[in-house]
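Letter by letter, the chains look like this.
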Amino acid sequence: VNPMYLAGYARIPKEMAQDLPFISTFVPQELNEDFLRTESNEFAVTIQANATAGVSAGANSAESIINFIAQLAKLDRAPNGIALDPDGWASILKTKPQDYSVPGGLIIDPNGNVAIAGLPLFICNWTGMAGKAIVADWSQIWRVEVDPLSLASSDTEGTNFTKNQVTYRLECREALTVRRSDA
């Protein structure tokens, strides 16, 4: 495990900070969003590098995922969630065999939440594989935090001084570790 500093940034003119009251709520929200996006992208590299490819001959995406769940169960693993990109999610929601039924074990609630064989399906932009799913025992993937989340600001970073701007940085030193790549 090699913990790295991951950070989210926001840069605003000083005038905005002084003149617009909503900035005091906007900047923390924007920093958090940018940090989470950076963290997701970095952690995706670790997850993709440790993912074991499965082979499935399902007639559609939902059936293929059910086959992947079974493959993990045969390895004595306990999958507890499914991550896939927005196109894969859309494919699942549009699965309609000829009789307009969906494969057994597929549940779509009125809010659009999807579960396959009881496992929740999560839309993730970081899967890195269009239309592909990552079925996993997510309890085998740990986030290791070395330095906690911290906030810093600077009016001297880059051209901030001459442009009268302030850069805010939200950072944390952390890593993702995969205990069992076969899970």
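For the structure itself, consult the block above.
First, a word on what this report is: a plain description of the structure on this page. (Residues numbered from 1 in each chain as written. Predicted model: local features only at pLDDT ≥ 70, side-chain atom pairs only at ≥ 80, totals over all residues. Heavy atoms only, no water.)

### Concerning the sheet that holds strand β2 (residues 81-84)
Here comes step 1: The five strands lie next to each other as β3-β4-β5-β2-β6, forming an open sheet whose pairing is mixed. If you trace the sheet from one side to the other, it starts and ends with β3 (106-108) and β6 (133-136), each paired once. Across the sheet, the mean angle separating the axes of adjacent strands is 25 degrees when strand polarity is ignored.
Here comes step 2: In terms of strand pairing, β3 meets strand β4 (residues 114-116) through three bridges, oriented antiparallel. Its bridge partner being in β4, Ile107 is matched across the sheet by Ala115. (Pairing = 2+ DSSP bridges. Helix = DSSP H or I, 4+ residues; strand = E, 2+ residues; numbered from the N terminus. Axes fitted to C-alpha atoms, helices over the stretch in contact; angles between N-to-C directions.)

### A word on unusual backbone geometry
Here comes step 1: Of note in the backbone geometry, Ala117 takes a positive phi value of approximately 55 degrees without being a glycine.
Here comes step 2: Inspection of the secondary structure assignment puts Ala117 in the loop between β4 and β5 (119-123).
Here comes step 3: For Asn164, which is not a glycine, the phi torsion comes out positive at approximately 60 degrees.
Here comes step 4: In this structure, Asn164 sits in the loop between α5 (160-163) and β8 (165-178).

### Describing the pattern of salt bridges
Here comes step 1: For the coordinates displayed, the defined rule picks out eight salt bridges.
Here comes step 2: The closest approach of N and O atoms between Lys14 and Asp155, which form a salt bridge, is 3.4 Å. Remark: Asp155 occurs in the loop between β7 (141-154) and α5 and Lys14 occurs in helix α1 (residues 14-19); sequence separation between them is 141 residues.
Here comes step 3: The shortest N-O distance in the salt bridge between Glu39 and Arg143 comes to 3.2 Å. In this pair, Glu39 is assigned in helix α2 (residues 23-50) and Arg143 in strand β7, connecting sequence segments 104 residues apart.
Here comes step 4: Judged by relative accessible area, Arg143 falls into the partly exposed class, the value being 42%. (Salt bridge = Lys/Arg side-chain N within 4 Å of Asp/Glu carboxyl O. Buried < 20%, exposed > 50% of the residue type's maximum accessible area, 1.4 Å probe, protein only.)

### Things to note about the sheet that holds strand β1 (residues 4-13)
Here comes step 1: Read across the sheet, three strands follow the order β1-β8-β7 without closing on themselves; strand pairing throughout is antiparallel. The sheet is open, and its two borders are formed by β1 and β7, each paired with just one other strand. Direction aside, the axes of adjacent strands within the sheet are offset by 15 degrees on average.
Here comes step 2: Pairing between β1 and β8: ten bridges, direction antiparallel. Looking at the pairing, Tyr9 lines up with Arg169 of β8.

### What to know about the nonpolar core
Nonpolar side chains in soluble globular proteins tend to end up buried together.
Here comes step 1: Counting residues in hydrophobic clusters, the biggest one holds 20 residues, and the most contacted among them are Ile47, Trp126 and Ile134.
Here comes step 2: Put simply, the parts of the chain that give this core at least two residues each are β1, α2, β6 and β8.
Here comes step 3: Considering each element in turn, this core owes the most residues, seven residues, to α2.
Here comes step 4: Once you skip the residues sitting within four places of it in the chain, Ile47 turns out to touch Trp126, Ile134, Trp138, Ile141 and Leu176.
Here comes step 5: Grouped together as the second largest cluster of nonpolar side chains are 13 residues, Ile92, Leu106, Leu121 and Val135 included. (Core = buried A, V, L, I, M, F, W, Y, C linked by side-chain atoms within 4.5 Å. Contact = heavy atoms within 4.5 Å.)

### Here we look at the environment of Ala17
Here comes step 1: Along the chain, the position of Ala17 falls in helix α1.
Here comes step 2: Judged by its relative accessible area of 41%, Ala17 falls in the partly exposed class.
Here comes step 3: Sequence-wise, Ala17 and Gln165 are 148 residues apart; in three dimensions their C-alpha atoms are separated by 9.5 Å.
Here comes step 4: Contact partners of Ala17, with chain neighbours within four places excluded, come to Ile12 and Ile23.

Read these as geometric descriptors, not functional statements.
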